[in-house]
Amino acid sequence: MAFDKDNIIEQIKEASITDLNDLVKAIEEEFDVTAAAAAPAAGAADGGAAKDSFDVELTEPGNQKVKAIKVVREITGKGLKDSKDLVDGAPSVIKEGAKEDEANDIKAKLEEVGASVTLK
């Protein structure tokens, strides 16, 4: 008997979910395999998918530390002392889980006052 993949595909299209589930179980038992999705390789996971959230890290406050503190205070909504502690403790994360546009905006504001920023 010749293998007729088109016929098989047509039969699968017409099958119910229950029938398809039974088919998968039967194939797993017959061929001693599992239908679990294969995990992507580590390199593919890191480089393949676009990141949707970023941590904004102040790496260096720069020469205009007072201005950097003001910007950090504006971004975080924290008080003066907490903002100063973040700037003095650089490298420190200013914002976690920011969307790409927000992260780039924060980075631009901080770089405008001479700070160095990294998006992670």
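Here the structure is a predicted model, which is why all the values come from computation and not from measurement. (Residues numbered from 1 in each chain as written. Predicted model: local features only at pLDDT ≥ 70, side-chain atom pairs only at ≥ 80, totals over all residues. Heavy atoms only, no water.)

**Q** Where do I start with the pairing of strand β1 (residues 54-60) in this structure?
**A** Successive residues of a regular strand alternate their side chains across the two faces of the sheet. Bridge count between β1 and strand β2 (residues 92-98): 4 bridges; the pairing is antiparallel. Bridging across to β2, Phe54 finds its partner in Ala98. Strand direction decides the pairing type here: β1 and strand β3 (residues 116-119), joined by 4 bridges, are antiparallel. Across the sheet, the residue bridging to Glu60 is Ser116, located in β3. (Pairing = 2+ DSSP bridges. Helix = DSSP H or I, 4+ residues; strand = E, 2+ residues; numbered from the N terminus.)

**Q** Any chance you could explain a nonpolar patch on the surface here in plain terms?
**A** Nonpolar side chains collect at one region of the surface, where Phe3, Ile8, Ile12, Leu23, Ile27, Phe31 and Val33 lie side by side and expose about 670 Å² of accessible area between them. For the nonpolar patch, the secondary structure elements donating two or more residues are α1 (5-14) and α2 (17-31). A total of 3 residues in the nonpolar patch trace back to one element, the largest contributor, which is α2. Positionally, Ile27 belongs in helix α2. (Patch = residues over 30% accessible without salt bridge, like charges linked within 9 Å, V, L, I, M, F, W, Y side chains within 5 Å. Areas by Shrake-Rupley, 256 points an atom, 1.4 Å probe, with all protein chains shown as cover. Salt bridge = Lys/Arg side-chain N within 4 Å of Asp/Glu carboxyl O.)

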